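# Overview (structure and organization)
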Amino acid sequence: MPDSRTQALFVLSAPGDSAGPELQLLSIVAPPVWVSGPTRKMPSSASAVDFFQLFVPDNVLKNMVVQTNMYAKKFQERFGSDGAWVEVTLTEMKAFLGYMISTSISHCESVLSIWSGGFYSNRSLALVMSQARFEKILKYFHVVAFRSSQTTHGLYKVQPFLDSLQSSFDSAFRPSQTQVLHEPLIDEDPVFIATCTERELRKRKKRKFSLWVRQCSSTGFIIQIYVHLKEGGGPDGLDALKNKPQLHSMVARSLCRNAAGKNYIIFTGPSITSLTLFEEFEKQGIYCCGLLSARKSDCTGLPLSMLTNPATPPARGQYQIKMKGNMSLICWYNKGHFRFLTNAYSPVQQGVIIKRKSGEIPCPLAVEAFAAHLSYICRYDDKYSKYFISHKPNKTWQQVFWFAISIAINNAYILYKMSDAYHVKRYSRAQFGERLVRELLGLEDASPTH
């Protein structure tokens, strides 16, 4: 519920008002030269694996080799010798990743289908490694073999990889000023859900984590990943995360911990948007524009009069504004009331929403900016979410690992499209994935199949 003690701090302004003292807001201005894009110029001859290894280099893969072999040794000491096991090599680890990544292109639920002889079989890939050898590596595969005595985090088996990935994201790309906090589409493939049996659905376990990202809204590059792990039914579990705005604020703070002082403008959905969080971010030099919902948002400190709908709806494009310092609360009508909270755009700046049927609808610039950047992320989800690795292990840390690898490949493709290499061979996202698989398997001379 809004806090009545602070409602008086918001000053009412109507769209036709003159720019009085309360409306003399400064728009957030970027530094004189806002440089965004790749930090390293890749040669025109760079291959798909070159871009992938900007994020998953050989030293990271070598560590996976060491940890997998250590885990296999310890496992056999405890449960008995495995005569069929031979220590994995770097070449085999790359091929192992290549097989897993291939499921993001074929959208096949089981990676073992490559050797099956059925519809999803691929003889050229199957010849690189036997199915038996692949299954052995899959059995022992680890990123961190053992828990240290100081470790309490539930994702300790994958956290070093996530930290390495985050560092490489930071060093490889400078984001644009405008960014979005959201949950990318990583849910089940709807084609699989429609075709699998009830028994298969019952066997599958629900994800025990929530994945959030901070994403550059002009390129789609995912700047930062945050994984919230469900560790039981307590107040910090995933069920609580879905219902408690304060936990969404915790996610937002974590995603923006490296964004302070950089003049970024962050767009947020209703579950994150709150006056308290936006004021906290403003003190750190982070500016915000978020959609509000009386049901989903933390409305503490906001005037109740702006959160309730009038008995008679206004004309389309009409809006009302209340202000507190640099913060504007906007209620805009377009076949329904839409509320926005922002300190990134002055309410005197006008924008427009263009609809195919109804033409132009006037609105504050903050509303136009929010719609434009969120629609870009929707297009990103439509284009890239179908290329997440389809393999669904039971272990949570492995699920997180394969989602992170999928994000790394999508980021690699975005950098590829911004490089000279793209002008030499214009691979689609599917072709880029196919190329990456074949290069990891040592089949560099193969060309994309479509």
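Since we're looking at a predicted model, the values are computed, not measured.

For the rest of this paragraph, the subject is helix H13 (residues 365-384). One turn of an α-helix holds 3.6 residues; hence residues three or four places apart share an orientation. Here H13 spans 29 Å end to end across 20 residues, near enough to the 28 Å set by a 1.5 Å rise per residue. Along H13, the positions that sit buried rather than exposed are Ala366, Val367, Ala369, Phe370, His373, Ile377, Tyr380, Asp381 and Tyr384. Each buried residue of H13 sits inside an arc of 165° when the element is viewed along its axis, so together they form one side.

Residues with a pLDDT of 70 or more make up 81% of the chain, whose mean pLDDT is 82. Within the chain, the lowest mean pLDDT, 35, falls on helix H1 (residues 4-7), and the highest, 96, falls on helix H2 (residues 48-52). Predicted confidence for residues 14-33 stays below pLDDT 50, and this span has 33 contacts to residues more than four positions away or in other chains. In the predicted structure, residues 446-450 sits below a pLDDT of 50 and forms 11 contacts with residues beyond four places in sequence or in another chain.

Tracing the chain through its elements places glutamate 109 in the loop between helix H4 (90-106) and helix H5 (123-126). The exposure class of glutamate 109 is partly exposed, given its relative accessible area of 25%.

Let's shift gears to a nonpolar patch on the surface. The grouping of Val66, Met70 and Phe146 at the surface amounts to a nonpolar patch, some 240 Å² of accessible area in total. Here valine 66 is to be found in helix H3 (residues 58-79). Among the residues examined, valine 66 registers a relative accessible area of 44% and is labelled partly exposed.

Here we take up the side chain of histidine 182. With respect to the helices and strands, histidine 182 occurs in strand S4 (residues 178-182). Exposure remark for histidine 182: the relative accessible area of 10% places this residue in the buried category. Within the structure, histidine 182 has its side chain in polar contact with the side chain of glutamine 215 (distance 2.5 Å). With sequence-adjacent residues up to four places away left out, histidine 182 is seen in contact with Trp212, Val213, Gln215, Ile377 and Asp381.

According to the stated counting rule, one finds 31 aromatic pairs in the structure shown. Aromatic pair phenylalanine 75 and phenylalanine 79: ring centres 4.8 Å apart, planes at 45°, arrangement tilted. With phenylalanine 75 and phenylalanine 79 both in helix H3 and four residues apart, the pair spans about one turn of that helix. What makes phenylalanine 79 exposed here is its relative accessible area of 54%. One aromatic cluster is present, formed by Phe96, Tyr99, Trp115, Phe134, Phe141, Phe161, Trp397, Phe401 and Trp402 through successive ring pairs.

About the criteria used
Residues numbered from 1 in each chain as written. Predicted model: local features only at pLDDT ≥ 70, side-chain atom pairs only at ≥ 80, totals over all residues. Heavy atoms only, no water. Helix = DSSP H or I, 4+ residues; strand = E, 2+ residues; numbered from the N terminus. Expected span 1.5 Å × (residues − 1). Buried < 20%, exposed > 50% of the residue type's maximum accessible area, 1.4 Å probe, protein only. Arc of directions from axis to C-beta. pLDDT = per-residue confidence, 0-100. Contact = heavy atoms within 4.5 Å. Patch = residues over 30% accessible without salt bridge, like charges linked within 9 Å, V, L, I, M, F, W, Y side chains within 5 Å. Areas by Shrake-Rupley, 256 points an atom, 1.4 Å probe, with all protein chains shown as cover. Salt bridge = Lys/Arg side-chain N within 4 Å of Asp/Glu carboxyl O. Polar contact = N/O pair within 3.5 Å; in protein donor to acceptor, adjacent residues only side chain to side chain. Phe/Tyr/Trp six-rings, centres within 6.5 Å; stacked < 30°, edge-to-face > 60°.

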